[in-house]
Amino acid sequence: MPYVDVSSKICRPNEAREIKEGDIILVYPATLNVNGKIVTFPPLSLVSDQCTHEIKKLSWIEGIILTREVFHNTAFLKCENYIEGEIEILEPTLLTAFTFKQAVGRKIKGYISKGIKGVPLLKVNDQPIVSIDKGRVNVGLCFLDNRDVLVRLFGYSIFYYITSTLSI
């Protein structure tokens, strides 16, 4: 459970443009004093220098601090096959999956990778699009617009659930 200091900045998932080492991805909603108002931010919100909403009070949040290990163990696979359909969440304890599904749209049009290895967490038309395999997260969903940042936020957020040591 990291904390966010006074003057830290946060953005909602759809406002994020860049994700870098040291940023924090929320995995549970957080109610924060931002710009002098009490505001609730959803899972997949990003605490980063590049965000615009300034936090005015020290707060504890539930989130994952992005480290080299997280980046190294997340594979964003090449997407080649077009797909349309509804995202199916196979692991209901992944709160960030529900935020992700809402943010990208219940029915999606995008591209996926074939042959994703490991235990599937999300599927579209019975095709795995996100899985865990031996401590690695495999993400095989791509869009041709700004929703790819949402895919990255979700992919990295999975580490909060699979290893507790990375969230400290």
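Up top you'll find the structure we're talking about.
What you see is a predicted model, and the numbers here were worked out from it, not measured in a lab. (Residues numbered from 1 in each chain as written. Predicted model: local features only at pLDDT ≥ 70, side-chain atom pairs only at ≥ 80, totals over all residues. Heavy atoms only, no water.)

Peer 1: So what's going on with the side chain of Ser 131? Which residues, and what values?
Peer 2: Looking at the element boundaries, Ser 131 is found in strand E14 (residues 127-133). Separated by 2.5 Å, the side chain of Ser 131 and the backbone oxygen of Lys 117 make a polar contact. Among all residues touching Ser 131, those that are not within four sequence positions of it are Ile 116, Lys 117, Gly 118, Val 119, Pro 120, Leu 121, Arg 136, Val 137 and Asn 138. (Helix = DSSP H or I, 4+ residues; strand = E, 2+ residues; numbered from the N terminus. Polar contact = N/O pair within 3.5 Å; in protein donor to acceptor, adjacent residues only side chain to side chain. Contact = heavy atoms within 4.5 Å.)

Peer 1: Requested: an account of the environment of Leu 66, with residues and values cited.
Peer 2: Residue placement: Leu 66 occurs in the loop between strand E9 (63-65) and helix H1 (68-72). Spatially, the C-alpha atom of Leu 66 lies 19 Å from that of Leu 77, the residues being 11 residues apart in sequence. Every residue in contact with Leu 66, bar those within four places of it in the chain, is listed here: Ile 19, Lys 20, Glu 21, Gly 22, Asp 23, Ile 25, Phe 71 and Tyr 156.

Peer 1: Lay out the sheet that holds E14 with the relevant residues and their values.
Peer 2: Taking strand neighbours across the sheet as the criterion, the seven strands line up as E10-E15-E14-E13-E11-E12-E16 in an open arrangement whose pairing is mixed. Unpaired on one side and paired on the other, strand E10 (74-76) and strand E16 (141-142) mark the two borders of the sheet. Here helix H2 (residues 95-104) sits on the sheet in contact with strand E11 (81-89), strand E12 (107-112), strand E13 (119-124) and E16, set at roughly 135° to E11. (Pairing = 2+ DSSP bridges. Axes fitted to C-alpha atoms, helices over the stretch in contact; angles between N-to-C directions.)

Peer 1: Break down the pattern of salt bridges for me, with residues and values.
Peer 2: Using the criterion set out here, one finds eight salt bridges in the structure. Residues Lys 20 and Asp 23 are paired through a salt bridge, measuring 3.7 Å at the closest nitrogen-oxygen approach. Note on Lys 20: relative accessible area 27%, which makes it partly exposed. Note that Glu 86 is salt-bridged to Lys 101, the shortest N-O span being 3.2 Å. Highlighted residues: Glu 86 in strand E11 and Lys 101 in helix H2, separated in sequence by 15 residues. Each of the salt bridges in this network shares a partner with another, and the network as a whole consists of Glu 86, Lys 101 and Arg 106. (Salt bridge = Lys/Arg side-chain N within 4 Å of Asp/Glu carboxyl O. Buried < 20%, exposed > 50% of the residue type's maximum accessible area, 1.4 Å probe, protein only.)

Peer 1: An account of a nonpolar patch on the surface is needed here, citing residue identities and associated values.
Peer 2: A cluster of nonpolar side chains, Met 1, Tyr 3, Val 6, Leu 58 and Trp 60, forms an exposed patch at the surface whose accessible area comes to about 550 Å². Inspection of the secondary structure puts Trp 60 in strand E8 (residues 59-60). When its relative accessible area of 57% is taken as the criterion, Trp 60 is described as exposed. (Patch = residues over 30% accessible without salt bridge, like charges linked within 9 Å, V, L, I, M, F, W, Y side chains within 5 Å. Areas by Shrake-Rupley, 256 points an atom, 1.4 Å probe, with all protein chains shown as cover.)

Peer 1: Tell me about the sheet that holds E9, residues and numbers included.
Peer 2: Within the open sheet, the five strands sit side by side as E7-E2-E6-E3-E9. Their pairing is antiparallel. Looking at which strands have only one partner, the edges of the open sheet turn out to be strand E7 (53-54) and E9. Bridge count for strand E3 (residues 24-26) against E9 is three bridges, and the pairing is antiparallel. Following the sheet pairing, Ile 24 is matched in E9 by Ile 65. Of the strands in this sheet, E3, strand E6 (46-47) and E9 touch helix H3 (residues 147-162), which is tilted by about 100° from E9.

Such coordinate-based values are descriptive only and should not be taken to indicate function.
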